[in-house]
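Residue-level structure breakdown
Listed below are the residues making up each chain.
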Amino acid sequence: MQIDMHRQDPSLNMNRFYSVELTKDLFDQHGVHRQWGRFGTWGRHRHDWYATKTEAESALSDLIKQKLARGYLIKLPLSNGQGV
């Protein structure tokens, strides 16, 4: 599950993205991968590992809440019927 968010404010020259995703490795460790930065760049990324899936889901939820509180908006996926 990946959640993409963005924050834009032309008056501040702000055009940012933030993406978070639950991950799992071959050894059944659960983690949260996040990537952030300015649109048009690769940005930065970080991967944090957790002991259980519940802890990873809780961390993901906390990150989303923090970003929403700072003014980020969740980017909704395009439906199949729409163009590009």
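Scroll up to find the structure.
Residues numbered from 1 in each chain as written. Predicted model: local features only at pLDDT ≥ 70, side-chain atom pairs only at ≥ 80, totals over all residues. Heavy atoms only, no water.

1. A short note on the overall build of the protein chain
A count of helical and extended segments in the protein chain gives one helix and five strands. Scanning the protein chain from its N terminus toward the C terminus, one meets helices and strands in the order β-β-β-β-α-β. Looking at the protein chain as shown, the accessible area adds up to about 6,400 Å², and 53% of this sits on carbon and sulfur atoms. Taking the average place of the 12 positive charges on the side chains of the protein chain and the average place of its 9 negative ones, the gap between the two points comes to 9 Å. (Helix = DSSP H or I, 4+ residues; strand = E, 2+ residues; numbered from the N terminus. Areas by Shrake-Rupley, 256 points an atom, 1.4 Å probe, with all protein chains shown as cover. Lys, Arg positive; Asp, Glu negative; His and termini not counted. Charge placed at Lys NZ, Arg CZ, Asp CG, Glu CD.)

2. Some details on the environment of V32
Position of V32 relative to the elements: it lies in strand β3 (residues 30-38). Of the residues examined, V32 reaches a relative accessible area of 1% and is grouped as buried. Separated by 25 residues in the primary sequence, V32 and E57 place their C-alpha atoms 8.1 Å from one another. Every residue in contact with V32, bar those within four places of it in the chain, is listed here: E21, L22, T23, R46, H47, D48, Y50, A56, A59, L60 and L63. (Buried < 20%, exposed > 50% of the residue type's maximum accessible area, 1.4 Å probe, protein only. Contact = heavy atoms within 4.5 Å.)

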